[in-house]
Amino acid sequence: DGHREESRLAPHHRCFIRCRRDDDSAFEPFGAEGVFNKFTHLAATFANNYVTSGGDFTVTGSSLVSLQVDTNVTTDGGDILFDGTVDGNSALVLSAGAGAVSMGDTGLSQPLTALSVDAATIDLNDVITIGTQAYTGAVTLNSDYVTTGGDFTVTGPVLLEVDTIVTTDGGDILFDGTVDGANSLALVADTGSVTMAADAGSLERLAALSIDAAAI
């Protein structure tokens, strides 16, 4: 309807967002007590801001999340989980404070314009964005990360769970904390710069490190 609202979830409060089935049948309301939970086998369209007062925000199963507008999810310490894919030509900001954020593949079908995550721990799979990717917290990298000119920034320690490639097509790459893990890391910034502000491999030696950038 073109209007954008903020949905606040407090204990014992019910909130509805619109969902559609995999077969593109009519939208149906989905309610949750204190959290968004189990959009199993549904495609959820997000067009609001979502807030919990310490509760978790969870989308589980094979759910497909489509961002229709720039979207903020804030949990004030609750965990945020996207167990399925997240796509859409919009920005996504996740703020969990002392909570954890875990995401499935993001932006593979339609890249996000930007992704920002602030949490105590952050677990990421494939991410593709047009603009920046910014992560604040202890980050676990499980795949490859691509921006088409935007910066890639991690503020906090990084653990490489698998061989990892970060490509920015001219954007800058910054690791502002330690980087560890018995896997390889390739950083490709082309005309951008790469800064590794803390030790790499001091706690667990990397298998290999490769950097291609205008300035290192």
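Everything discussed here concerns the structure shown above.
First, a word on scope: everything that follows refers to the structure included in this document. Being a predicted model, the structure only gives us computed values, none of them experimental.

Moving on to the overall build of the protein. Per the secondary structure count, the protein includes 0 helices and 23 strands. For the protein, buried positions account for 44% of its 216 residues. The contacts of the protein with a sequence gap of at least 6 include a subset with a gap of at least 24, amounting to 14%. A total of about 9600 Å² of accessible surface is found on the protein, and carbon and sulfur atoms cover 49% of it.

Position of Asn-183 among the secondary structure elements: in the loop between β21 (179-180) and β22 (184-196). From its side chain, Asn-183 meets the backbone oxygen of Glu-161 in a polar contact 3.2 Å long.

What follows covers the pairing of strand β17 (residues 152-155). Side chains Phe-152 and Val-154 project from β17 onto a buried face, and the interleaved Thr-153 and Thr-155 project onto a face without burial. Bridging between strand β15 (residues 133-141) and β17 involves 4 bridges; their strand directions are parallel. Within β17, the position partnered with Ala-134 by the bridge is Thr-153. Judged from the 3 bridges that link them, β17 and strand β20 (residues 173-175) form a sheet pairing that is parallel. If you follow Thr-153 over to β20, its bridge partner there is Leu-174.

With that settled, the discussion passes to the environment of Ala-182. By secondary structure assignment, the location of Ala-182 is in the loop between β21 and β22. Residue class for Ala-182 comes out partly exposed when judged on its relative accessible area of 48%. Each C-alpha atom of the pair Ala-182 and Glu-204 lies 6.2 Å from the other, and the pair is 22 residues apart in sequence. When residues no more than four places from it in sequence are discounted, the contact partners of Ala-182 are Leu-160, Glu-204, Arg-205 and Ala-207.

Procedures and definitions
- Numbering of residues starts from 1 in every chain and runs along the sequence as written.
- Only residues with pLDDT of 70 or above have their local features reported here, since the model is predicted, and side-chain atom pairs are shown and tallied only from 80 upward, although totals for entire chains, interfaces and linings are computed over all residues.
- To get the side-chain values, take all heavy atoms of the structure and skip hydrogens and water.
- Runs of H or I in DSSP of at least four residues are treated as helices and runs of E of at least two as strands, each being numbered from the N terminus.
- Categorising residues by exposure relies on relative accessible area from a 1.4 Å probe, with only protein chains included: less than 20% of the type maximum marks a residue as buried, more than 50% marks it as exposed, and the intermediate range marks it as partly exposed.
- Whether two residues are in contact is decided by their heavy atoms: any pair within 4.5 Å suffices.
- Computed by Shrake-Rupley with a 1.4 Å probe, the accessible areas treat only the displayed protein chains as cover when residues are assessed.
- Here a polar contact is taken to be a pair of N or O atoms separated by no more than 3.5 Å, where protein atoms must pair a possible hydrogen donor with a possible acceptor and residues adjacent in sequence count only if both atoms sit in side chains.
- Following DSSP output, two strands are said to pair if at least two bridges run between them.

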